[in-house]
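What the coordinates show
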Amino acid sequence: MLSRRSRKRWRRSNPMARSSPIMVKLRPLRQADAVLIARFMRAMAADFGGASRASAAGIKRHCFGAQRLASVTVATIAGQPIGYIMVRDWMNFDRDAKIRHIQQLYVTAACRGRGIATALLRHTAQQALAAGCCRIILDVGKKNPRARRLYQGLGFERYRGTLVRHDLPELALRQLAR
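Residues numbered from 1 in each chain as written. Predicted model: local features only at pLDDT ≥ 70, side-chain atom pairs only at ≥ 80, totals over all residues. Heavy atoms only, no water.

This brings us to helix α5 (residues 116-130). Under the 1.5 Å per step criterion, the end-to-end length of α5 is 21 Å for 15 residues, consistent within 8% with the ideal 21 Å. Among all positions of α5, only I116, A117, T118, L120, L121, T124 and A128 are buried. Its buried side turned inward, α5 meets β1 (24-28), β2 (71-77), β3 (80-92), β4 (97-107), β5 (133-138) and α6 (145-153). Of the residues flanking the end of α5, it is G132, one or two places downstream, whose phi is positive at about 90 degrees. (Helix = DSSP H or I, 4+ residues; strand = E, 2+ residues; numbered from the N terminus. Expected span 1.5 Å × (residues − 1). Buried < 20%, exposed > 50% of the residue type's maximum accessible area, 1.4 Å probe, protein only. Contact = heavy atoms within 4.5 Å.)

Now the structure itself:
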């Protein structure tokens, strides 16, 4: 956590932090955004000590056209992309309920703490209701307490069900498929 003096110094030295009031605009992903969104994905992974194989080609393949797997909303300030949210819908047939899953949410470091993630989440909630979804779910890393506080502050509840999530990594997937 930055001290009050450090936050003031950061705001003075950061042009994005000085603009007030913030005029964030949200828009759908454009094909031309794919390179930047892939860069954002790699930066997000690096923030938490990971790596990402995100590429512009993969984003174009999975976010446009008939085989689209996800939808992306881009946040901009003065036309400059500064964040995004990626979502997908799925159906819980046992409950006959459509659910929106937030795959990723990212805001550049220079623009964090300014309400942009909240704006993206609010927009996603409005779209989810319009699409007939009954809930939104997401996963957040243990190393990201700031995001957990944001989500809980907006009404997200920690899942306390009886299920335990399992992951089948690529190598194990290939072995199982033999």
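We are not done yet, so read on.
Attention now goes to the pairing of β2. With respect to burial, β2 is a largely interior element, six of its seven residues being buried. Of the pairings in the sheet, the one linking β1 to β2 comprises five bridges and is antiparallel in character. Note that in β2 the partner of L26 across the bridge is A75. The pairing of β2 with β3 spans seven bridges and is antiparallel. Considered in β3, the bridge of V74 is made with Y84. In textbook terms, the turn of a hairpin is the stretch between consecutive antiparallel strands, and for β2 and β3 this stretch comprises two residues, one of which, A78, has a positive phi near 55 degrees. (Pairing = 2+ DSSP bridges.)

By secondary structure assignment, the location of R100 is in strand β4. Within the structure, R100 has its side chain in polar contact with the side chain of D89 (distance 2.6 Å). Not counting residues up to four positions away in its chain, the partners in contact with R100 are V87, R88, D89, T124, Q127, A128, A131, C133, R135, I136 and I137. (Polar contact = N/O pair within 3.5 Å; in protein donor to acceptor, adjacent residues only side chain to side chain.)

Taken together, the side chains of L168, L173 and L176 present a nonpolar region at the surface, about 310 Å² in accessible area. Mapped onto the fold, L168 is located in the loop between α6 and α7 (170-176). (Patch = residues over 30% accessible without salt bridge, like charges linked within 9 Å, V, L, I, M, F, W, Y side chains within 5 Å. Areas by Shrake-Rupley, 256 points an atom, 1.4 Å probe, with all protein chains shown as cover. Salt bridge = Lys/Arg side-chain N within 4 Å of Asp/Glu carboxyl O.)

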